[in-house]
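Remarks on the overall topology
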Amino acid sequence: VIFTLTAGSSGLSAGRYRFRLDAANPTTITPNEDDSSSECGTSMCWKFEARTDISDETAISDAPAYAPAFSIQQRLVEAGIADITNAQAALTGRDDRPLFMNHLVFFFAPNNQMIDPEVLEVRAPPGYIFPEDCRSVLEVRESRVYGTGQSLASGDTAWPTDVEVLSCRGEGPNAYINTDPGDGNGFLADKRYVFRLGVKNPRNEVEDDDNYWVISYGDETSRPFTGYSLWTFKRALAPPLPVTYGASLSDSSVA
């Protein structure tokens, strides 16, 4: 992919720039394995290079930079944010207000039985922040996920008791939950498992194009699924009152 940038009379200042590119992933499942001989440390890399003349490969204005690509993984059967009742929202701490801590119930269903230690990853839209140590805001117990005394929803499967949560680490909008099934059966294929995880809401509403979440477990990843709207006023308008309204109020008296 080639981008042509016109810097203008003031030039393009040195610094970190961000852009987004929509593209289709390959159709073949391809793991991005460690490779010490590559420029980025993995078998697949992204290469970034700036040239003064795009047609001349030697006209390099900045040394190229390399970044690890991501694996093309099998899709989870399903994943998303579970719908809950108002009573469950009160019990679990669901709060969709800006900058408030929000406790969300997630679900995922693997294609294959997962019996090895794996990382369960939750990727939120930009602006959301998981606690650095998110173990304290993680709940997997069947009797607590939807709130104390609340039963699992129809179709849900309880988190296996033999799958131990080793740690939970938050890095901005990403949370990494390390799990170990030990000698147990782990997560079974085609079963919908639920857990609750806390995250801090952003200050402003996320744009529709960015309001997508992703869950990955082991070598399986979900389709991006739509998030929720923050409790904010949207296009609020306070129409001016006629002068007579104010006059009638100021002239009124109470006996």
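Residues numbered from 1 in each chain as written. Predicted model: local features only at pLDDT ≥ 70, side-chain atom pairs only at ≥ 80, totals over all residues. Heavy atoms only, no water.

The subject of this paragraph is the packing of aromatic side chains. Each pair of aromatic rings is reported with the distance of its centres and the angle of its planes. Summed over all chains, the structure comprises 13 aromatic pairs. Here the aromatic rings of Tyr128 and Tyr228 are separated by 5.8 Å at their centres, their planes lie at 75 degrees, and the arrangement is edge-to-face. Placement of Tyr128 in the loop between strand E6 (118-123) and strand E7 (138-139) and of Tyr228 in the loop between strand E14 (225-226) and helix H2 (243-251) is noted, with a sequence separation of 100 residues between them. Pairwise contacts between aromatic rings join Phe106, Phe108, Tyr128, Trp159, Phe187, Tyr193, Phe195, Trp213, Tyr217 and Tyr228 into one cluster. (Phe/Tyr/Trp six-rings, centres within 6.5 Å; stacked < 30°, edge-to-face > 60°. Helix = DSSP H or I, 4+ residues; strand = E, 2+ residues; numbered from the N terminus.)

Right, let's get into the pairing of strand E10 (residues 174-180). In terms of residue burial, E10 counts as a mostly covered element, since five of its seven residues are buried. Two elements, E6 and E10, share six bridges in a ladder whose sense is antiparallel. Within E10, the residue paired with Leu120 across the bridge is Ile177. In the sheet, strand E9 (residues 164-171) pairs with E10 via seven bridges, with the strands oriented antiparallel. The residue of E10 that forms the bridge with Glu171 is Asn174. The turn joining E9 and E10, which pair antiparallel and follow one another in sequence, is formed by two residues; a positive phi near 65 degrees is taken by Gly172. (Buried < 20%, exposed > 50% of the residue type's maximum accessible area, 1.4 Å probe, protein only. Pairing = 2+ DSSP bridges.)

On to the environment of Ser143, then. With respect to the helices and strands, the residue Ser143 is situated in the loop between E7 and strand E8 (156-157). The exposure class of Ser143 is partly exposed, given its relative accessible area of 45%. Those residues in contact with Ser143, other than ones at most four positions away along the chain, are Thr148, Gly149 and Gln150. (Contact = heavy atoms within 4.5 Å.)

Turning next to the pattern of salt bridges. Across all of its chains, the model carries seven salt bridges by this definition. Glu49 serves as the salt-bridge partner of Lys47, at 3.8 Å between the closest nitrogen and oxygen. Across the pair Glu139 and Arg141 runs a salt bridge, and its minimum N-O distance is 2.8 Å. Glu139 sits in the buried class, given a relative accessible area of 12%. (Salt bridge = Lys/Arg side-chain N within 4 Å of Asp/Glu carboxyl O.)

Another aspect to go through is the environment of Gly198. Along the polypeptide, Gly198 turns up in strand E11 (residues 192-200). C-alpha of Gly198 to C-alpha of Ile129: the two residues are 69 residues apart in sequence and 9.3 Å apart in space.

The next point concerns the state of the cysteines. One pass over the full model with this rule turns up two disulfides. The disulfide partner of Cys40 is Cys45, and the gap between their sulfur atoms is 2.0 Å. Between Cys40 and Cys45, the S-S dihedral sits near -80 degrees, and the bridge is therefore left-handed. Residue Cys40 is classed as buried on the basis of its relative accessible area of 15%. Assessed through its relative accessible area of 33%, Cys45 is described here as partly exposed. Here Cys134 connects covalently by a disulfide to Cys168, the sulfurs 1.9 Å from one another. The sign of the S-S torsion, about -100 degrees, decides the handedness of the disulfide formed by Cys134 and Cys168: left-handed. (Disulfide = S-S within 2.5 Å.)

Turning our eyes to something else, we now look at the confidence of the model for the protein. Low pLDDT marks stretches whose predicted atomic positions should not be read closely. Model confidence for the protein is summarised by a mean pLDDT of 88, while 90% of its residues fall at 70 or above. Contacts of residues 243-255 to residues separated by more than four positions or lying in other chains number zero contacts, the stretch itself having pLDDT below 50. (pLDDT = per-residue confidence, 0-100.)

What follows deals with the nonpolar core. Across soluble globular proteins, nonpolar side chains show a tendency to be buried alongside one another. Counting residues in hydrophobic clusters, the biggest one holds 34 residues, and the most contacted among them are Phe106, Phe108, Val122, Phe195, Leu197, Trp213 and Ile215. Where this core is concerned, the elements lending two or more residues are strand E4 (78-81), strand E5 (101-109), E6, E9, E10, E11 and strand E12 (212-217). When residues of this core are assigned to their parent elements, the largest contribution, four residues, is made by E11. Of all hydrophobic cores here, the second largest spans six residues; its members include Ala82, Val105, Tyr146 and Val194. (Core = buried A, V, L, I, M, F, W, Y, C linked by side-chain atoms within 4.5 Å.)

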